[in-house]
Amino acid sequence: MDALDNYKKAWENQPEASHKISSEEIYKMAHSKSSSIVKWIFIIGILEFILWTAVNIAIPDRFYKIYEDLNLMEYLNVFMGLHYAIIVVFLYLFYKNYKRVSLVDNTKKLIQKILKIRKTVKYYVFYNIATVFLVSIILNIVLFSDENTLMSVMNPNNLTLDIQQVVTITVISQLIALLIIIVLLWLFYKLVYGILLKKLTKNYKELLKLEINSN
């Protein structure tokens, strides 16, 4: 049981006349914890941005050969620019949420801000997972639209395989790779942001009870 739980339990057991003073203490603690959680959401978002940027820089040029073979490098560069712009917007929203939570001065507004923060984080996670899925789908549509390109990309050593075999191998390998990537990405976000959102949700429920009991 943490300090906020102890305050809440003591508040519930106090006489009615003391509730106002105790509720203010509970609010201050919940406010402080919520502000700290939102700050960590912003910090982790920044660290994640730096991590993926470093990974992209470290990827060898040969990794992009498939995009060059499919004449997709120009589109990839445009997409990456747009993707980073959207991520920066999310980071700005995380920072803005942190500043707003820090300045909130009553329970009702704090509850509203927490709800908004939860939605923003969920949209962020959904965007990142959906992006991986959509990019994979687009790449495969382009890949399968030209049999010659498909054979040259997926069978560079000119093995004795017909187009149907290449298609089958490509589909199965792509589906397995996509599933693994999405699951790992989901687990990463579930672990990192899920823990923080769980704590934030707990604060939200406590504040909601406090608001109801105070009325």
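Small disclaimer: the values here were computed from a predicted structure and weren't measured.

### Observations concerning the overall build of the protein chain
Moving on, step 1. In terms of helices and strands, the protein chain carries seven helices and zero strands.
Moving on, step 2. For the protein chain, the succession of helices and strands along the chain, N to C, is α-α-α-α-α-α-α.
Moving on, step 3. Expressed as a percentage of its 215 residues, the buried residues of the protein chain come to 33%.
Moving on, step 4. Considering only contacts in the protein chain between residues 6 or more positions apart, those separated by 24 or more positions represent 78%.
Moving on, step 5. Total accessible area on the protein chain stands at roughly 13800 Å², and carbon and sulfur atoms take up 66% of it.

### Digging into the nonpolar core
Moving on, step 1. If you look at the biggest cluster of nonpolar residues, it comprises 32 residues, and the most contacted ones within it are Ile41, Val121, Tyr124, Tyr193 and Leu207.
Moving on, step 2. Where this core is concerned, the elements lending two or more residues are α2 (19-58), α4 (73-103), α5 (107-144) and α7 (163-214).
Moving on, step 3. With 10 residues, the top contributor of residues to this core is α7.
Moving on, step 4. Contacts of Ile41, omitting those with residues within four sequence positions, involve Phe94, Ile117, Val121, Tyr193 and Leu196.
Moving on, step 5. Tyr64, Leu70, Leu72 and Leu143 belong to the second-largest nonpolar core, a separate cluster that totals seven residues.

### What about the environment of Tyr27?
Moving on, step 1. Topologically, Tyr27 is positioned in helix α2.
Moving on, step 2. Along the chain, Tyr27 and Asp105 lie 78 residues apart, while their C-alpha atoms are 9.4 Å from each other.
Moving on, step 3. With residues up to four places along the chain from it excluded, the contact list for Tyr27 reads Val104, Asp105, Asn106, Thr107, Leu110, Leu207 and Leu210.

### Some remarks on the confidence of the model for the protein chain
Moving on, step 1. The share of residues in the protein chain with pLDDT of 70 or more is 81%, and the mean pLDDT across the chain is 80.
Moving on, step 2. Per-element confidence in the protein chain ranges from a low mean pLDDT of 55 for helix α1 (residues 3-13) to a high of 90 for α4.

### Some remarks on the environment of Met29
Moving on, step 1. Looking at the element boundaries, Met29 is found in helix α2.
Moving on, step 2. Residues Met29 and Asn203 lie 174 residues apart in sequence; the distance between their C-alpha atoms is 9.6 Å.

Parameters and conventions
Residues numbered from 1 in each chain as written. Predicted model: local features only at pLDDT ≥ 70, side-chain atom pairs only at ≥ 80, totals over all residues. Heavy atoms only, no water. Helix = DSSP H or I, 4+ residues; strand = E, 2+ residues; numbered from the N terminus. Buried < 20%, exposed > 50% of the residue type's maximum accessible area, 1.4 Å probe, protein only. Contact = heavy atoms within 4.5 Å. Areas by Shrake-Rupley, 256 points an atom, 1.4 Å probe, with all protein chains shown as cover. Core = buried A, V, L, I, M, F, W, Y, C linked by side-chain atoms within 4.5 Å. pLDDT = per-residue confidence, 0-100.

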